[in-house]
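Spelled out, the chains give:
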Amino acid sequence: MPLCAKLIGGTEMEDYLEKKADQKILFDAYIKYQKLCKGKKMTEKQQSTLKKDLFYRVDRMLLFFNSPTTSASERNKLLRKCKPLYQQYCSFVKGNPKSNVEDLNKKIVQLLEQMTLWEAEQIHNFRKKESAGDRLNIDAIFLEVPNIRQLVSQQIDQLLRAALKDNRFTIVSRTDQKVFITEKGVKYHRADCPFCKGRTLISASYAKVENAGYTPCKCIEKVSKVLVRKEGLSESNKAVLQKQTMTAFIDESVRTNLWRQWDDTLPERQSSYSYVICQGFLKQESEISEENTVSVNACLANETEDVTMSAIEAISAVLLKIAFRFEFHGDVVIYTDNMAAKDKWYQNEKAVYLASLFESVRVCHISREENTTADTVGRKMAFASLPATLMGSVVDKCKRYDQLKEEMDFVKQYFPYPKENITNLIEELRLLAEGKEDKL
C-alpha cells in the first residue's frame, strides 16, 4: 500500500520530544514532593524573614540559569544548590499553609522549569552514553516515592544508574514502536493516515509523543494499559491484571554431553534451556501452581557454550509460544537468573521484534536460589530431545546394567568377600570345567 504522506526520520524532533517528555515527568515529580515533605511551622516574623530570603536566593539562581554564558559544570553546581533550596521552600509551604506565597510560587515554578530542563538534558546524555540507557522508563521511575525523594536530594545521574539495575524500570514494548507527527499538529498518526494526505510526517516513538502531550488521531487504535503492580488495586482490577498478564521463568545451562560416548558426532558440551509459563502476574516462583501453569518445556539450545545466548534464545522461545500458541498479546514478565541476558536480550533484533507483538515485555533478574522450578524442569526433561536411535542405545545399556547388577547380587550371596574367597572360587570353576561336579 503506497503511503499517503511523505515520511522523514526526524532525529532532532525525536530528541526534542524526548527531552520535553522527560522534563514534564521531572516537573511533576518535584511537585509531588511537596506532599511528601515534612512541614516546619513558623511564627509570622520567621515566615516574613524566610520568604524574603527564599525570594532573593531563587532570583539569583534564575539569573545564573538563564545566562547564556553559564557552562555545563556551572549549571551542575547551581542544581546542587537549588535542590536544598527547593526542599526548604516545600517545608515552609507545608508547615505554614496560610502564609501568602503567591509571588514566591511563581518564582519557584520558573526555577523548577530551569532545573528540570537541565536534568532532562542530563537524562538525554545518560541514555546515549550508558549501555541500556535507552531502555530506562523515566515515567515508571518517578511513580515510586523513594525515587521522588532522591530526585530532590541527589544528582540525577546517581538515581538513573541505580534505576538501570532495577528490572522494574527497563522495558521494551509497543510504546517503543514508531508513530508519526506533523510539524505543527497536536496529534500523532500511523504512517498511512488518511487524514495526512500530502503532508510531511515526522517519525517519533509512541511513548515520547504521548508524554509530550500529543493526542491520538482517529487512525490510531487506542490500546488499553495494564498496571504491572498489585498494590492498591481493587479486586476487579486484580482480576483484569491476571487475565492481561503472563509470567515466565526460564533457566539455561551448559553441561558435559554424556551421550558423546555413544555418538562421537555430538558436541562435547551442550547448552539447553527450560521454562515455565504461567497465566497472570507472578512476583516470585513460590506463586507457581498447577492452576496457573500453562506450559512447561525444555529444549536443546542452538549455542553450545554461550549460556547468555541460550538464555536469549529461551526468551525468544517463550515470546514466540505466548504470541502464536496462546495468541496472547498483553503484558509479559520474564524472570531469568542470567544477568547478562537480562541486559542484552533487547539488542537481539528477533527478540525485540517478538516483544513488539505485546503490550509490554519486562525481562527481570532473579537469583538462582529463586529460580529452582525452571531448573528442575530442565533436569527432568534432559532426555526429551535425544535422537530415537541414541535413546534406544541408552535404554539397551541400562537394561544390560540391570542384568549385571542382578548377577553380581547373586554371586555376593555365596562370596561376600571376593578378595578372601577368590582361591575357592577358582578351584570350584576348575572342577566344574573338568566335569568333576561330584567332588564339589
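Described in the following lines is the structure provided in the data block.

So, how was this worked out
- Residues numbered from 1 in each chain as written.
- Predicted model: local features only at pLDDT ≥ 70, side-chain atom pairs only at ≥ 80, totals over all residues.
- Heavy atoms only, no water.
- Helix = DSSP H or I, 4+ residues; strand = E, 2+ residues; numbered from the N terminus.
- Buried < 20%, exposed > 50% of the residue type's maximum accessible area, 1.4 Å probe, protein only.
- Contact = heavy atoms within 4.5 Å.
- Areas by Shrake-Rupley, 256 points an atom, 1.4 Å probe, with all protein chains shown as cover.
- Arc of directions from axis to C-beta.
- Salt bridge = Lys/Arg side-chain N within 4 Å of Asp/Glu carboxyl O.
- Core = buried A, V, L, I, M, F, W, Y, C linked by side-chain atoms within 4.5 Å.
- Axes fitted to C-alpha atoms, helices over the stretch in contact; angles between N-to-C directions.
- Parallel < 35°, antiparallel > 145°, perpendicular 65-115°, else oblique.
- Left-handed = near helix turned anticlockwise from the far one by under 90°.
- Expected span 1.5 Å × (residues − 1).
- 1 Å grid on protein atoms, 1.4 Å probe; cavity = no way out; pocket = protein on both sides within 12 Å on 5 of 7 lines; lining within 4 Å.
- Points joined across faces, edges and corners; volume = space filled by probe spheres on them.
- Patch = residues over 30% accessible without salt bridge, like charges linked within 9 Å, V, L, I, M, F, W, Y side chains within 5 Å.
- Lys, Arg positive; Asp, Glu negative; His and termini not counted.
- Charge placed at Lys NZ, Arg CZ, Asp CG, Glu CD.
- Nonpolar A, V, L, I, M, F, W, Y, C, P; charged D, E, K, R; others polar.
- Phe/Tyr/Trp six-rings, centres within 6.5 Å; stacked < 30°, edge-to-face > 60°.
- Lys NZ or Arg CZ within 6 Å of the ring centre and 35° of its normal.

1. A few points about the overall build of the chain
For step 1, the next point in the chain: Scanning the chain for helices and strands turns up 15 helices and 11 strands.
For step 2, the next point in the chain: Taking all 440 residues of the chain together, the buried fraction comes to 42%.
For step 3, the next point in the chain: Taking the contacts inside the chain whose residues are at least 6 apart along the sequence as the reference set, 75% of them involve residues at least 24 apart.
For step 4, the next point in the chain: By element, 53% of the accessible surface of the chain is carried by carbon and sulfur atoms, the whole surface being about 25,600 Å².

2. With respect to helix α7 (residues 156-164)
For step 1, the next point in the chain: Of all the residues in α7, the buried ones are I156, L159, L160, A163 and L164. Along α7, the residues classed as buried sweep out an arc of 135 degrees about the axis, all on the same side.

3. Concerning the pattern of salt bridges
For step 1, the next point in the chain: Counted by the stated rule, this structure contains seven salt bridges.
For step 2, the next point in the chain: Residues R57 and D53 are paired through a salt bridge, measuring 3.0 Å at the closest nitrogen-oxygen approach. Of the two residues, R57 and D53 are both situated in helix α2 (residues 44-66); the distance of four residues between them amounts to about one turn of the helix.
For step 3, the next point in the chain: Judged by relative accessible area, R57 falls into the partly exposed class, the value being 27%.
For step 4, the next point in the chain: Overall, D53 belongs to the partly exposed group, its relative accessible area being 31%.
For step 5, the next point in the chain: Here D59 makes a salt bridge to K107, at a shortest N to O gap of 3.0 Å. Remark: K107 occurs in helix α4 (residues 102-129) and D59 occurs in helix α2; sequence separation between them is 48 residues.

4. Some details on the side chain of Q122
For step 1, the next point in the chain: Structurally, the position occupied by Q122 is in helix α4.
For step 2, the next point in the chain: For Q122, the residues in contact, after removing those within four places along its chain, are N76, L79, I156 and D157.

5. Examining the nonpolar core
For step 1, the next point in the chain: Y86, L111, I141 and F142 are the most contacted members of the largest nonpolar core, which totals 45 residues.
For step 2, the next point in the chain: At the level of secondary structure, the elements contributing two or more residues to this core comprise α1 (11-36), α2, α3 (72-95), α4, α5 (138-141), α6 (145-151) and α7.
For step 3, the next point in the chain: Looking at this core element by element, the count peaks at nine residues for α4.
For step 4, the next point in the chain: Every residue in contact with Y86, bar those within four places of it in the chain, is listed here: Y30, I31, Y33, Q34, I108, L112 and V152.
For step 5, the next point in the chain: One finds M246, Y273, I277 and A323 within the second-largest nonpolar core, a separate group that totals 28 residues.

6. Some remarks on the packing of α3 against α4
For step 1, the next point in the chain: Relative to each other, α3 and α4 sit at 135 degrees, their axes nearing to 10 Å. As far as their axial angle goes, α4 and α3 are oblique. The two elements α3 and α4 cross, and the hand of that crossing is left-handed. Residues A72, R75, N76, L79, C82, K83, L85, Y86 and Y89 of α3 touch α4, and the partners they reach there are L104, N105, I108, L111, L112, M115, W118, E119 and Q122.

7. Let's talk about α3
For step 1, the next point in the chain: Over its 24 residues, α3 runs 35 Å from end to end, which matches the ideal 34 Å to within 8%, given 1.5 Å per residue.
For step 2, the next point in the chain: Among all positions of α3, only R75, L78, L79, C82, K83, L85, Y86, Y89, C90, S91, F92 and G95 are buried.

8. Notes on empty space enclosed by the protein
For step 1, the next point in the chain: Enumeration over the complete set of coordinates arrives at two cavities of 30 Å³ or more.
For step 2, the next point in the chain: Put simply, the second largest cavity is a space of about 30 Å³.
For step 3, the next point in the chain: If you trace the second largest cavity, you find it lined by D251, S253, R255, S272, Y273, S274, D375, G378 and R379.
For step 4, the next point in the chain: When contributions to the lining of the second largest cavity are tallied by element, the ones reaching two or more residues are β7 (245-256), β8 (269-279) and α13 (372-380).

9. Concerning the environment of C90
For step 1, the next point in the chain: Following the sequence through the fold, C90 ends up in helix α3.
For step 2, the next point in the chain: Judged by relative accessible area, C90 falls into the buried class, the value being 1%.
For step 3, the next point in the chain: Sequence separation between C90 and K35 is 55 residues; the distance between their C-alpha atoms is 8.5 Å.
For step 4, the next point in the chain: Ignoring any residue separated from it by four or fewer positions in sequence, one finds C90 in contact with Y33, Q34 and C37.

10. A word on a positive patch on the surface
For step 1, the next point in the chain: A contiguous patch of positive charge, built from R60, K77, R80 and K81, is present on the exposed surface.
For step 2, the next point in the chain: If one sorts the elements of the positive patch by residue count, α3 sits on top with three residues.
For step 3, the next point in the chain: Relative to the helices and strands, K77 resides in helix α3.

11. Quick look at the packing of α4 against α7
For step 1, the next point in the chain: For the pair α4 and α7, the least separation of the axes is 10 Å and the interaxial angle reads 45 degrees. Taken together, the axes of α4 and α7 lie oblique to each other. Crossing hand, α4 versus α7: right-handed. Residues E119, Q122, I123, F126 and K129 of α4 form the contact with α7, whose participating residues are I156, D157, L160, R161 and L164.
For step 2, the next point in the chain: Here the contact of α4 with α7 is built from residues that sort into five nonpolar, one polar and four charged.

12. Focus: the packing of aromatic side chains
For step 1, the next point in the chain: Summed over the entire model, instances satisfying the criterion amount to four aromatic pairs.
For step 2, the next point in the chain: Seen in terms of ring centroids, Y30 and Y86 are 5.6 Å apart; in terms of plane orientation they differ by 85 degrees. Their pairing is edge-to-face. Note that Y30 is positioned in helix α1 and Y86 in helix α3, a separation of 56 residues in sequence. The exposure classification of Y30 matches that of Y86, with both residues buried.
For step 3, the next point in the chain: With a centroid separation of 4.9 Å and an interplanar angle of 20 degrees, the aromatic rings of F249 and Y335 are classed as stacked. With F249 in strand β7 and Y335 in strand β10 (residues 331-336), this residue pair connects regions lying 86 residues apart in the sequence. Both residues of the pair, F249 and Y335, belong to the buried class.
For step 4, the next point in the chain: Taken together, the ring pairs in this structure connect Y30, Y33, Y86 and Y89 into an aromatic cluster.
For step 5, the next point in the chain: In this structure, R75 packs its charged tip against the face of W118, placed 5.8 Å from the ring centre.

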